[in-house]
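# Chains, contacts and geometry: an overview
For reference, the chains in residue letters:
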Amino acid sequence: MPVRVVETSAPTQISGAHSGQISPPFCTLLSVGQAFSGTQNVSSLQKDEAWRVNVRIQGCDLEHGYLCGTMEALNVPMADTPVVTFWEGEIVDGKNYSFFTGKWEASSEDDIRHWTKFPSFSPFLCQVEVDGGKSLDLSNYPYIFMRWKEQYFVNVGTDCGLTIAGFYYVCFSCTDGSISGFYYDPNSSPFQKLELKSTNEGRSGFSFSSYELQ
């Protein structure tokens, strides 16, 4: 939600009628209730700036390539309170979703430009350029690629000075639960980086305020 601006196993290629039946690996760190904490870099040419960010998974359905959650941005300069948004995610699995977004003003060139920011994507590049990665078997790969699209503000109005017009390209590590992402919006500063770590809520983690999701 930027400021509004006026060791790994190699992936394999699969073929045949069953190529679309492979799901991403089950990962206990990507489950309902799991919390993450970190920062989003929202620097522009004028100044360097980063916000503290908390994320919680509210729903996850790997079979259908879906997940959703809340994102809480703290220390936002123009807001008197932490800004919370509800987002929905697409899991790139070759069955439900490919590496090509096909919407949200993102071209295939935009997709490639952002996915290649993740080192773990490099083994996929050649095949993704051919078919968006639909013929890749991602089931044993220790990273899960996703897109997160914020749907609405939970606790503030649309006049809060932030935009949710864009979306995040996301890479999730099944090994340690870390998340890295890059925000895409043609009207915002490019490649704003999201960096999150899995937390143990109630110990060294954080606690959300209570919000009602519509």
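Let me sum up the structure you'll find in this document. (Residues numbered from 1 in each chain as written. Predicted model: local features only at pLDDT ≥ 70, side-chain atom pairs only at ≥ 80, totals over all residues. Heavy atoms only, no water.)

### Here we look at the pairing of strand 3 (residues 50-61)
Let me state the cut-off plainly: Strands were regarded as paired on the criterion that DSSP finds at least two bridges between them. Numbering of helices and strands runs from the N terminus; a helix is a DSSP stretch of H or I covering at least four residues, while a strand is a stretch of E covering at least two.
Bridging between strand 2 (residues 35-41) and strand 3 involves 7 bridges; their strand directions are antiparallel. Considered in strand 3, the bridge of Thr39 is made with Arg52. Relative to strand 4 (residues 66-74), strand 3 runs antiparallel, the two sharing 9 bridges. Among the inter-strand pairings, Arg52 is bridged to a residue of strand 4, identified as Leu74. What sits between strand 3 and strand 4 in their antiparallel hairpin is a turn of 4 residues, with Gly65 showing a positive phi close to 65°.

### Overview of unusual backbone geometry
Rules: Each residue is assigned to one of three classes by its accessible area relative to the maximum for its type, calculated with a 1.4 Å probe on protein chains only: buried under 20%, partly exposed between the two thresholds, exposed over 50%.
Unlike most non-glycine residues, Trp104 shows phi in positive territory, near 55°. Looking at the element boundaries, Trp104 is found in the loop between strand 5 (83-91) and helix 1 (108-115). Judged by its relative accessible area of 26%, Trp104 is partly exposed. In this structure, Phe191 takes a positive phi of about 55° despite not being glycine. Locating Phe191 in the fold gives a position in the loop between strand 9 (179-184) and strand 10 (192-199).

### Describing the nonpolar core
To keep it simple, the criterion reads: Here, nonpolar core refers to any group of buried Ala, Val, Leu, Ile, Met, Phe, Trp, Tyr and Cys residues whose side-chain atoms link them within 4.5 Å. Note on contacts: a residue pair is in contact if any heavy atoms of the two residues lie within 4.5 Å.
The biggest cluster of nonpolar side chains holds 22 residues, and the ones touching the most others in it are Met146, Trp148 and Phe172. Elements supplying a minimum of two residues to this core: strand 3, strand 4, strand 5, strand 7 (143-153), strand 8 (167-173), strand 9 and strand 10. Beyond its immediate stretch of four places on either side in the chain, Trp148 contacts Val55, Leu67, Met71, Trp87, Glu88, Gly89, Phe167, Tyr168, Val170, Ile179, Leu194 and Leu196. Among the nonpolar cores identified, the runner-up in size contains 18 residues, and Trp115, Phe121, Tyr169 and Cys171 belong to it.

### Considerations on the pattern of salt bridges
To be explicit about the condition: Here a salt bridge means any side-chain nitrogen of Lys or Arg lying within 4 Å of a carboxyl oxygen belonging to Asp or Glu.
Per the stated rule, a full pass over the model turns up 5 salt bridges. Glu63 serves as the salt-bridge partner of Lys95, at 2.9 Å between the closest nitrogen and oxygen. Of this pair, Lys95 sits in the loop between strand 5 and helix 1 while Glu63 is found in the loop between strand 3 and strand 4, placing the two residues 32 residues apart along the sequence. Classification of Lys95 as partly exposed rests on a relative accessible area of 26%.

### Re helix 1
Turn by turn, an α-helix covers 3.6 residues, leaving residues three or four places apart pointing in a common direction. Buried within helix 1 are the following residues: Asp110, Asp111, Ile112, His114 and Trp115. Where helix 1 is buried, its residues contact helix 2 (125-131), strand 7, strand 8 and strand 9.

### Description of the packing of aromatic side chains
How we decide: Two aromatic rings from Phe, Tyr or Trp, using only the six-membered ring of Trp, form a pair when their centres are within 6.5 Å; if the ring planes differ by under 30 degrees the pair is stacked, by over 60 it is edge-to-face, and anything between is tilted. We call a charge positioned over a ring when the NZ of a Lys or the CZ of an Arg lies within 6 Å of the ring centre and within 35 degrees of the ring normal.
On inspection of all chains with the given rule, the structure shows 23 aromatic pairs. Seen from their ring centres, Phe86 and Tyr152 are 5.3 Å apart, and the 25° between their planes marks the pair as stacked. Taken together, the residues span a long stretch of sequence, with Phe86 in strand 5 and Tyr152 in strand 7 at a distance of 66 residues. Given the relative accessible area of 12%, Phe86 is considered buried. Relative accessible area serves as the criterion here: at 23%, Tyr152 is assigned to the partly exposed category. Ring centres 5.2 Å apart and planes at 65° place the aromatic pair Phe99 and Phe121 in the edge-to-face group. Of this pair, Phe99 sits in the loop between strand 5 and helix 1 while Phe121 is found in the loop between helix 1 and helix 2, placing the two residues 22 residues apart along the sequence. Across the pair, exposure class does not vary: Phe99 and Phe121 are buried alike. Lying over the aromatic face of Phe191, Lys117 brings its terminal NZ or CZ to 4.3 Å of the ring centre.

### Focus: the sheet that holds strand 2
As a reminder, the rule being used: Interaxial angle, 0 to 180 degrees, is taken between N-to-C directions of lines fitted to C-alpha atoms, where a helix line uses only the stretch in contact.
An order of 2-3-4-5-7-8-9-10 is seen for the 8 strands of this closed barrel, with the pairing classed as antiparallel. The mean angle between the axes of side-by-side strands here comes to 30°, regardless of whether they run parallel or antiparallel. Here strand 7 runs beside strand 8; their pairing, made up of 6 bridges, is antiparallel. Residue pairing in the sheet places Phe145 in a bridge with Cys171 of strand 8. Taken strand by strand, helix 1 contacts strand 7, strand 8 and strand 9, and its axis lies near 40° from that of strand 8.

### With respect to the pairing of strand 10
Pairing geometry for strand 2 and strand 10, over 6 bridges, is antiparallel. Residue pairing for strand 10: Gly38 is matched across the bridge by Leu196. Bridge analysis of strand 9 against strand 10 gives 5 bridges, and the strand direction is antiparallel. Pairing of Tyr183 across the sheet is with Gln192, part of strand 10.

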